[in-house]
Structures are given as C-alpha cells and as structure tokens.
Amino acid sequence: MTGFFDEEEFINEAVELVQNSIPAPAKAIIACSGGVDSMVTATIASKAIGDRLLAVYVDNGLMRKDETDEVEAMMKNMGINYKIARAADEYFEALKGVEEPEQKRKIIGEKFIRVFERYAKEFGATYLLQGTIAPDWIESGDGTRDTIKSHHNVGGLPKDLGMTLCEPLRDLYKDEVRQVARALGVEASERQPFPGPALAIRCLGEVTPEKIAIVREACFIVEDEIMKASKADEIVRPWQYFAVLLPSKSVGVQGDRRAYGYTIAVRAVDSVDGMTATFSRLTLDVLNRISVRITDSMKSQVNRVVYDITSKPPATVEWE
Ligand code: XMP
C-alpha cells in the first residue's frame, strides 16, 4: 500500500502508456480471467487501442461456478473485443497424474500461454498485455527475495514468448486496483481475488474433473453463505473466502454404515493486499450452515468440513 493515490490520474497515464507502448497498426492480446486485475487492464487497453486489442478468456475447466458466462457478460458490457477459448480437456489431460503444487502451477501457466498463443497468432498480436500487480512480482523472487510461489503471472511464462510485454498495473497494490476499477465502472471491482491456477490449487494433489466439480460446488457454497451472512450484517465480509478439497479420505457415517469421504477445508481471511492475512473470525452459526450445506449437497463424496484458523504468515492464503 502506498499513501495518496489518484485513480483518475493513474487511468489517464495508463491509457497513454498503452497507446505509446503499442503504436498503430500493432495489435495486442490479453488473457482476461474476469478478475479485477485483468478486467481493469483490458478496460484501460481497450480505451487506449480499441479493437487492436483482443481479450481472450481461457475456459480451462478449473473456474468457479458460472464464471465463464459472467466474465463474458462483463467483457461485453465494457465494449471489449473478446473471444472465449474452450480448453478444459487439454488442461485435464496435461494435469493427469501430477501432484506436486509447483509442477501444477507450471503446467497450468504453460498451457495457458500455449492456448493463448494460438489466438495471438490468429489475431496477429505482437504485444501481450498482462494484469500483473506489485505483489505478483515481489513474491515471485526478483533476486532480492526468495521465491514463495512461482505466481502464474510470472513463473508460468515460457522464455520463448515472442511477444512484447506490457504491464500497466505493475506498480499497483490490490486496493489501488480496486479504486481504479470503481472509477472505470468495471463490474469486477468488488469480486474477491482468485488465483491464476484457479481451482487446481484448491484441489490438493492430483486434479481430476470429478474433484474439481466437488471443490467448485464447495467454493460456491462458501461464497454464497458468506455473502448472505454479510448482507444480513451477521459478519463483516472477509477479503477472500473459499473451499479446499483435501486429498485424503476419512471415515464417516452414512445412514447406518461407515463410509469413506473427502474433507473440505474452509478458508476465509482478512487482508489488504494478500501479502499478510489473518483468518476471519466467522461466527459458529455461519460455519455450521456452510458445513451442513456442503455435506448435505455432496453426501456421497464429502463427510467432513474443517475451518482453517491460521494466518499468513506462517501459512499462505491458498493451500498450494
Ligand atoms: P498466497 O497463497 O500466496 O496468496 O498467500 C496471496 C494472494 O494471491 C493469490 N494467489 C495467486 N494469484 N496467481 C495469482 O494470480 C497465483 O499463482 C496465485 N497464488 C496465490 C491468492 O488467491 C491470494 O489472493
């Protein structure tokens, strides 16, 4: 976080920067995840270079419930020139048998850029816009800090990219990006942050379509219950809140029989920029509603729900 930040001034400068960095008739491409960072970048770039920009939303099969439709609607509303790349099968194939978190991140980062490169070639883009913000590169190791995680925006990029990078939000922190989003009228402004590797890093161990379906539904329930509770002033809405599917099974009861089922960990944290975070003091009533709804709606798959009460540090926000 910095001191005073003038979002209007930032927008004008960023539009100018993109115009100067990408002179006509050059074309640029951006991967638009629908998160606040990429939506703000795409909106600024669209203002700067119009239809010389193509925003590509990669449907990797790892996104949240209804996300693809919502992001498409947002891009349409902002008048951005866009395409949807349907690539779920390719991702699941590449992730088969892979358990190691960093490996998963690398595969997803690389797959993403490959899918995306196909669109870039077709469009004739020579520039790549990215919504990288300060915490992304600070935590990715710039020679002075250890790599905590190879963040998708940085570590996942192969060296032979062949496009010139343009990152207009590079010096901003999350709260500043949200300020800019509000000023631009970007609907994504109040969305909670969502990691580039998506639900894959909330599904510990090997990723399969079945496990992703479980964690997707669990994430939806956590989001829905927390939104309802915060709208009813029962709790203050946390900064980020989601579910994690653990890789091992434990014993439970179903009817009068013992059954093996998965465990869902619920994570909710309060933070300003994700660099540090404290676990949210949700009420036991809210936690109970989440637990009952998850185990009721996925009876044959999930029989246990736990709440993560660690802050960052020593934990990270995500589990992988
Ligand atoms: P961690 O888990 O590092 O998360 O404490 C801090 C914030 O960053 C998000 N996150 C990511 N965002 N690519 C992203 O764009 C990533 O690989 C990634 N990993 C974590 C996380 O959701 C949290 O908001």
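Right above here is the structure, for reference.
Note that the structure is a prediction, hence the values are computed from the model and not measured. (Residues numbered from 1 in each chain as written. Predicted model: local features only at pLDDT ≥ 70, side-chain atom pairs only at ≥ 80, totals over all residues. Heavy atoms only, no water.)

S.K.: Where do I start with a negative patch on the surface in this structure?
M.R.: Residues D6, E8, E9, E13 and E16 make up a contiguous surface patch of negative charge. Classification of E9 by relative accessible area gives partly exposed; the value is 45%. (Patch = residues over 30% accessible without salt bridge, like charges linked within 9 Å, V, L, I, M, F, W, Y side chains within 5 Å. Areas by Shrake-Rupley, 256 points an atom, 1.4 Å probe, with all protein chains shown as cover. Salt bridge = Lys/Arg side-chain N within 4 Å of Asp/Glu carboxyl O. Lys, Arg positive; Asp, Glu negative; His and termini not counted. Charge placed at Lys NZ, Arg CZ, Asp CG, Glu CD. Buried < 20%, exposed > 50% of the residue type's maximum accessible area, 1.4 Å probe, protein only.)

S.K.: Would you mind going over the pattern of salt bridges with me for this structure?
M.R.: Between side chains of opposite charge, a pair can form as their charged atoms come close. Within the structure shown, the criterion is met by 21 salt bridges. We note a salt bridge from E320 to K104, for which the minimum N-O separation is 2.7 Å. In this pair, E320 is assigned in the segment after β9 (302–307) and K104 in helix α5 (residues 101–123), connecting sequence segments 216 residues apart. Assigned by exposure class, E320 and K104 land together as buried. (Helix = DSSP H or I, 4+ residues; strand = E, 2+ residues; numbered from the N terminus.)

S.K.: Would you mind going over the sheet that holds strand β4 (residues 127–129) with me for this structure?
M.R.: Note: strands within a sheet are paired through backbone hydrogen bonds, in either parallel or antiparallel orientation. Judged by pairing direction, the sheet is parallel, and its five strands sit side by side in the order β3-β2-β1-β4-β5 without closing on themselves. With partners counted over all chains shown, the strands left at the sheet margins are β3 (82–86) and β5 (164–166), one partner each. Sheet twist, expressed as the mean angle between neighbouring strand axes with direction ignored, is 30°. In this structure, strand β2 (residues 53–59) lies alongside β3, joined through five bridges in parallel fashion. In the sheet register, Y57 faces β3, and the bridge partner there is I84. With respect to the sheet, helix α2 (residues 36–49) is in contact with β1 (28–31), β2 and β4, its orientation differing from that of β1 by roughly 160°. Here helix α3 (residues 67–77) sits on the sheet in contact with β2 and β3, set at roughly 165° to β3. (Pairing = 2+ DSSP bridges. Axes fitted to C-alpha atoms, helices over the stretch in contact; angles between N-to-C directions. Contact = heavy atoms within 4.5 Å.)

S.K.: Is there a simple way to explain unusual backbone geometry in this structure?
M.R.: As a rule of thumb, non-glycine residues mostly have phi less than zero, and peptide bonds are mostly trans rather than cis. Across the junction of A24 and P25, the peptide omega takes the value 5°, indicating a cis bond. You can see P25 is positioned in the loop between α1 (7–21) and β1. Of the consecutive residues P313 and P314, the connecting peptide bond is found in the cis state with omega at 10°. Tracing the chain through its elements places P314 in the segment after β9. In this model, A198 sits at a positive phi of 55°, which is unusual for a non-glycine residue. Within the fold, A198 resides in the loop between α8 (174–184) and α9 (209–231). We classify A198 as buried; its relative accessible area is 0%.

S.K.: Please clarify how the environment of Q130 should be interpreted in this entry.
M.R.: Positionally, Q130 belongs in the loop between β4 and α6 (134–138). Overall, the relative accessible area of 6% leaves Q130 in the buried class.

S.K.: Would you mind showing me how to read the side chain of K211 here?
M.R.: Along the polypeptide, K211 turns up in helix α9. Despite being buried, K211 has no salt bridge partner; E206 is the closest side chain of opposite charge, sitting 5.8 Å away. Leaving out residues up to four positions away in the same chain, K211 has contacts with C203, L204, E206, L245 and Y262.

S.K.: Any chance you could explain the environment of G255 here in plain terms?
M.R.: Relative to the helices and strands, G255 is located in the loop between β6 (240–254) and β7 (257–270). Overall, the relative accessible area of 77% leaves G255 in the exposed class. For the pair G255 and R289, spaced 34 residues apart in the sequence, the C-alpha separation amounts to 21 Å.

S.K.: Could you clarify how one ought to interpret the side chain of Q240 in this entry?
M.R.: Tracing the sequence through the fold places Q240 in strand β6. Among the polar contacts listed, one links the side chain of Q240 to the side chain of E318, at a separation of 3.5 Å. In this structure Q240 touches Q192, P193, F194, P195, R202, R267, A268, V269, V317 and E318, once residues within four positions along its chain are discounted. (Polar contact = N/O pair within 3.5 Å; in protein donor to acceptor, adjacent residues only side chain to side chain.)

S.K.: Explain the pairing of β6 here, please?
M.R.: Walk down a regular strand and you will see the side chains alternate between the two sheet faces. Bridge count for β6 against β7 is twelve bridges, and the pairing is antiparallel. Note that in β7 the partner of Q240 across the bridge is V269. Where β6 hands over to β7, the hairpin turn is made up of two residues, of which G255 adopts a positive phi near 65°.

S.K.: How should I be thinking about the packing of α1 against α2 in this particular structure?
M.R.: Angle between the axes and distance between the axes: these two values describe a pair of packed helices. Contact geometry for α1 and α2: axes closest at 8 Å, N-to-C directions at 60°. Between α1 and α2, the crossing angle belongs to the class labelled oblique. The handedness of the crossing between α1 and α2 is right-handed. Residues F10, A14, V15, V18 and Q19 of α1 lie in contact with α2, whose contacting residues are I44, A45, K47, A48 and I49. Tallied by class, residues from the contact of α1 with α2 come to eight nonpolar, one polar and one charged. (Parallel < 35°, antiparallel > 145°, perpendicular 65-115°, else oblique. Left-handed = near helix turned anticlockwise from the far one by under 90°. Nonpolar A, V, L, I, M, F, W, Y, C, P; charged D, E, K, R; others polar.)

S.K.: What's the story with the nonpolar core in this structure? I'm lost.
M.R.: Considering soluble globular proteins, one finds that nonpolar side chains tend to be buried as a cluster. Counting 106 residues, the largest nonpolar core has I29, I44 and L62 as the members making the most contacts within it. Here I44 is in contact with F10, A14, V15, V18, L169, V180 and L184, once residues within four sequence places are set aside. (Core = buried A, V, L, I, M, F, W, Y, C linked by side-chain atoms within 4.5 Å.)

S.K.: I tried to follow the environment of G185 on my own but got confused; where do I start?
M.R.: Turning to its location among the elements, G185 is positioned in the loop between α8 and α9. Expressed as a C-alpha distance, the spacing of G185 and Y262, which sit 77 residues apart in the sequence, is 41 Å.

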